[in-house]
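A look at the structure
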Amino acid sequence: MTRRISLTQYLIEQQREHGHIPQELRLLIEVVARACKRIAISVNKGALGEILGSAGSENVQGEVQKKLDIIANEVLIEANEWGGHLAAMASEEMEGIYVVPNRYPQGEYLLMFDPLDGSSNIDVNVSIGTIFSVLKKPEGSAGVSESDFLQPGSSQAAAGYCVYGPQTTLVLTVGDGVVMFTLDREQGSFVLTEDQVQIPEDTKEFAINMSNMRHWDTPMKRYVDECLEGSTGVRGKDFNMRWIASMVADVHRILTRGGVFMYPWDKREPNKAGKLRLMYEANPMAFLVEQAGGAATNARQRIMDLQPTQLHQRVAVVLGSKNEVAQITRYHLEAEQQGA
Ligand SMILES: O=P(O)(O)OC[C@H]1O[C@](O)(COP(=O)(O)O)[C@@H](O)[C@@H]1O
Ligand SMILES: [Mg+2]
Ligand SMILES: [Mg+2]
């Protein structure tokens, strides 16, 4: 039975008893959690809060911004800029990095976020979320620049997400397993509800946007075809499929009951590695999934080993139950060896 302690209590205990959460990092996580609570309040207001619909602008990647994309981005910046734990922030919704103004105390950490993941689900009242990743500013670098952010996912000090669904749940790793906190609205605090998140190694559930099937590469199509063949095919078992179109909600399901999530490279834009963003979607989710005993690759290599070259870099993503991820990755590597 998980002890019902608050996020603050949990972090203080971790800091005192295990010493692996520095004070600065603990406070930074608490600020992010407070921002998520504010975003949850806006999300819940729906049409009453005038937060639905498009903002009439585009972000740096040419995607139409929803009002809530902008609200969530502002909430995260405002909450974090005066906290004293950060040197700079980067977001899916901002072209360049946001350096903490020097009228505020400066810290050693770098925060990256997808303020609102699953934007297409906002107006239809389906789960959405906030994803975040924390890096330490490289030692000895004076000031802060975009290149300080270009560290592989294996350097993350912490990562997590908050899913705004039937419940608001904050999921966190600081590199020592994965924990989940549910927002208690009466108390206004995140309460620990799961402290040993584990993804089963095998699964019968896959998640992919099937409408893109004709654009996939051969190994991807092979894997999904074999799942669809069910118990009479080579896999010898029937598979179920889910696709929420909010990565945060799909990953939450996988952390809860297993499964495999795929957003592969496809032929429509061959020069684009994938749809999802490495720094504030793939890396934090890969960290969480690995910490829960799962695996995450770009169909060839471990995601957290990739050396980023750009802040808004895209990547193909295959993550979840270890054995399925290994199989999909193997299909891609074999095809490559055979020159397909
Ligand atoms: O509509 P599609 O192509 O299936 O895309 C769904 C994917 O796009 C995303 O919504 C991208 O996130 P944003 O809403 O932050 O742009 C992922 O969460 C999700 O997995
Ligand atoms: Mg997203
Ligand atoms: Mg987003």
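Each value, and the rule that gives it
- Per-chain numbering applies: the sequence of each chain, read as written, is numbered from 1 onward.
- Each chain gets a letter, beginning with A, and each ligand a number, beginning with 1, in the order they are written.
- Note on the predicted model: pLDDT of at least 70 is required for a residue's local features to be given, and 80 or more for side-chain atom pairs to be given and counted; whole-chain, interface and lining totals, by contrast, use all residues.
- The side-chain values count all of the structure's non-hydrogen atoms but skip hydrogen atoms and water molecules.
- A cavity here means a set of points on a 1 Å grid, drawn over the protein atoms and nothing else, where a 1.4 Å probe fits but cannot get out; a pocket is an open set with protein on both sides within 12 Å along at least five of seven lines, and a residue lines either one if it has an atom within 4 Å of a point.
- Grid points are joined across faces, edges and corners, and a volume is the space filled by probe spheres set on the points.
- Going along the chain from the N terminus, every DSSP run of H or I of four or more residues is numbered as a helix, and every run of E of two or more is numbered as a strand.
- Amino acids are sorted into nonpolar (Ala, Val, Leu, Ile, Met, Phe, Trp, Tyr, Cys and Pro), charged (Asp, Glu, Lys and Arg) and polar (every other residue, Gly among them).
- For Na, K and Ca the donor cutoff is 3.2 Å, while for all other metals N, O and S atoms must lie within 2.8 Å; water is not among the atoms, so some sites may look incomplete.
- Buried, partly exposed and exposed residues are distinguished by accessible area as a fraction of the type maximum, computed with a 1.4 Å probe on protein chains only: under 20%, between the cut-offs, and over 50%, respectively.
- Neighbouring residues are identified by heavy atoms, a residue being near a molecule or strand if any of them is within 4 Å of it.
- In protein, a polar contact means a hydrogen-donor-capable atom and an acceptor-capable atom, both N or O and within 3.5 Å, with residues adjacent in sequence counting only if both atoms are side-chain atoms; elsewhere, any N or O pair within 3.5 Å suffices.
- Surface accessibility in these figures is a Shrake-Rupley result with a 1.4 Å probe; residues are shielded only by whichever protein chains are displayed.
- Two strands make a pair as long as DSSP finds a minimum of two bridges between them.
- Contacts are assigned to residue pairs with any non-hydrogen atoms lying within 4.5 Å of each other.
- The convention used is that axes are lines fitted to C-alpha atoms, helices contributing only their stretch in contact, and that angles between N-to-C directions extend from 0 to 180 degrees.
- What makes a nonpolar core is a set of buried Ala, Val, Leu, Ile, Met, Phe, Trp, Tyr and Cys residues whose side-chain atoms join them at distances within 4.5 Å.

**Quick notes on empty space enclosed by the protein**
Here the idea is plain: a probe the size of a water molecule rolls over the atoms and shows the empty space left. One pass over the structure, following the stated rule, counts two cavities of 30 Å³ or more. There is about 50 Å³ of room inside the largest cavity. Y10, Q14, H20, L172, T173, V174, D176, G177, V178 and V179 together form the lining of the largest cavity. Of all the secondary-structure elements, those providing two or more residues to the lining of the largest cavity are helix 1 (7–18) and strand 8 (168–173). When grouped by side-chain class, the residues that make up the lining of the largest cavity number five nonpolar, four polar and one charged. In this structure, the second largest cavity spans a volume of roughly 30 Å³. When contributions to the lining of the second largest cavity are tallied by element, the ones reaching two or more residues are strand 6 (128–136) and helix 7 (278–291).

**Details of the coordination of the magnesium ion (ligand 2)**
Within the first shell, the magnesium ion (ligand 2) binds the protein through D114 (OD), D117 (OD) and E281 (OE), at distances of 1.8 to 2.1 Å. Binding-site remark: the magnesium ion (ligand 2) is held by donors from one chain whose sequence spacing is D-x2-D-x163-E. Here the magnesium ion (ligand 2) and the magnesium ion (ligand 3) are spaced 3.7 Å apart, and both take D114 as a donor. In terms of burial, D114 and D117 fall into one category: buried.

**Some points on the site of ligand 1**
Around ligand 1, the surrounding shell holds 17 residues, and the nearest of these are D117, G118, N209, M247 and Y263. D117 places a side-chain nitrogen or oxygen 2.7 Å from an oxygen atom of ligand 1. One of the side-chain N or O atoms of E281 is found 3.2 Å from an oxygen atom in ligand 1. Out of a free accessible area of 480 Å², ligand 1 has 86% covered by protein chains.

**What about the sheet that holds strand 7 (residues 158–164)?**
Whenever strands of a sheet pair, they do so through backbone hydrogen bonds, lying parallel or antiparallel. Read across the sheet, eight strands follow the order 4-3-5-6-7-8-9-10 without closing on themselves; strand pairing throughout is mixed. Edge strands, defined here as strands with exactly one partner in the open sheet, are strand 4 (98–99) and strand 10 (189–194). The pairing of strand 9 (residues 179–184) with strand 10 spans five bridges and is antiparallel. Residue pairing across strands places M180 opposite E194, the latter belonging to strand 10. Lying on the sheet, helix 3 (residues 67–81) is in contact with strand 3 (86–91), strand 4, strand 5 (109–117) and strand 6; it crosses strand 5 at an angle near 155 degrees.

**Concerning unusual backbone geometry**
Positive phi outside glycine occurs at N125, with the angle close to 60 degrees. Among the structural elements, N125 can be located in the loop between strand 5 and strand 6. Although it is not a glycine, A299 sits at a positive phi angle of roughly 85 degrees. Locating A299 in the fold gives a position in the loop between strand 15 (295–297) and strand 16 (314–315).

**Section: the nonpolar core**
With 46 residues, the main nonpolar core has L25, L111, Y164, L170 and F181 as its most contacted residues. Every residue in contact with F181, bar those within four places of it in the chain, is listed here: S6, L7, Y10, T168, T169, L170, L172, F190, V191, L192 and T193. One finds M112, I254, Y263 and V315 within the second-largest nonpolar core, a separate group that totals 44 residues.

**Let's talk about the pairing of strand 9**
Relative to strand 9, strand 8 is paired through four bridges, and the arrangement is antiparallel. Counterpart to L172 in the pairing with strand 9 is V179. Between the antiparallel neighbours strand 9 and strand 10 lie four residues, among them G188 with a positive phi of about 70 degrees.

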